[in-house]
Amino acid sequence: DPREASITNICLAVKEIITRDGPLTLASVYRLYMEGCPHIQRAGRAVRERLDRAVRTLVKAGEIIQEDELGTGKPEGIVVRMAGAPSVRLRPAGRRKLEEIPPSEILLLVERLHSHVTGTGPEHEERLMRKILEHYGFSQLTRTRRKYLHDLLKQFKKGLTK
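Not measured: the values here are computed from a predicted model.

**Comments concerning the nonpolar core**
Consideration 1: Judged by nonpolar contacts, the single largest core of 25 residues is most densely connected at Val14 and Ile18.
Consideration 2: Elements represented by at least two residues in this core include exactly helix H1 (7-21), helix H2 (26-35), helix H3 (45-60) and strand E3 (78-82).
Consideration 3: Excluding its chain neighbours within four sequence positions, the residues that come into contact with Val14 are Val29, Tyr33, Leu51, Ala54, Val55 and Leu58.
Consideration 4: The next biggest cluster of nonpolar side chains, apart from the first, holds 21 residues, and it includes Ala93, Ile106, Leu113 and Met129.

Structural data, given as structure tokens:
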């Protein structure tokens, strides 16, 4: 239980999660840590604060790298990985929700798909979104997924024009 465990023990568990599943979002770290704590129902504020402290400790020690890929400060956009590990690893979604997949991973996929998806404007974006979902094994382009992918694609387009 992160509310009672020492910060050293929490760091060890967080490091194990990141080693096994990284790079991953901070939201994923919360979820995966909680899966190992069957008596805790959700990652409330106290739990998140302790996990955040462990992440800060690991970053300060140089053991992990943390990047805010969306620039929002939200756990869905903060990506952590082991120091020395590749910054992006393209892989199946597995048990991850679309929003738990690091933005950099989705953008790498977009780079690879971009030349294979023809068209312009909204139709092109729609086809690209559906290809992304197909790659990760998702079938429905919900309103939430559409907004998330639209924002990521907008960020991708900005990167192309720089």
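Read on, since the account is not over.
**Looking at the packing of H1 against H2**
Consideration 1: The geometry of H1 relative to H2 is characterised by a closest axis approach of 10 Å and an angle of 115 degrees between their N-to-C directions. Between H1 and H2, the interaxial angle falls into the category roughly perpendicular. Crossing angle aside, the handedness with which H1 passes H2 is right-handed. Where H1 abuts H2, its residues Ile10, Ala13, Val14, Ile17, Ile18 and Asp21 lie against Val29, Leu32 and Tyr33.
Consideration 2: Within the contact of H1 with H2, the residues separate by chemical class into eight nonpolar, no polar and one charged.

**Let's talk about the layout of surface pockets**
One simple way to see leftover space: roll a probe sized like a water molecule over the atoms.
Consideration 1: The calculated volume of the largest pocket comes to roughly 360 Å³.
Consideration 2: Lining the largest pocket are 15 residues, with Leu70, Thr72, Lys147, Tyr148 and Asp151 positioned closest to its centre.
Consideration 3: Its residues placed into classes, the lining of the largest pocket shows three nonpolar, four polar and eight charged.
Consideration 4: In this structure, the second largest pocket occupies an estimated 180 Å³ of space.

Reading guide: rules and limits
- Residues numbered from 1 in each chain as written.
- Predicted model: local features only at pLDDT ≥ 70, side-chain atom pairs only at ≥ 80, totals over all residues.
- Heavy atoms only, no water.
- Core = buried A, V, L, I, M, F, W, Y, C linked by side-chain atoms within 4.5 Å.
- Buried < 20%, exposed > 50% of the residue type's maximum accessible area, 1.4 Å probe, protein only.
- Helix = DSSP H or I, 4+ residues; strand = E, 2+ residues; numbered from the N terminus.
- Contact = heavy atoms within 4.5 Å.
- Axes fitted to C-alpha atoms, helices over the stretch in contact; angles between N-to-C directions.
- Parallel < 35°, antiparallel > 145°, perpendicular 65-115°, else oblique.
- Left-handed = near helix turned anticlockwise from the far one by under 90°.
- Nonpolar A, V, L, I, M, F, W, Y, C, P; charged D, E, K, R; others polar.
- 1 Å grid on protein atoms, 1.4 Å probe; cavity = no way out; pocket = protein on both sides within 12 Å on 5 of 7 lines; lining within 4 Å.
- Points joined across faces, edges and corners; volume = space filled by probe spheres on them.

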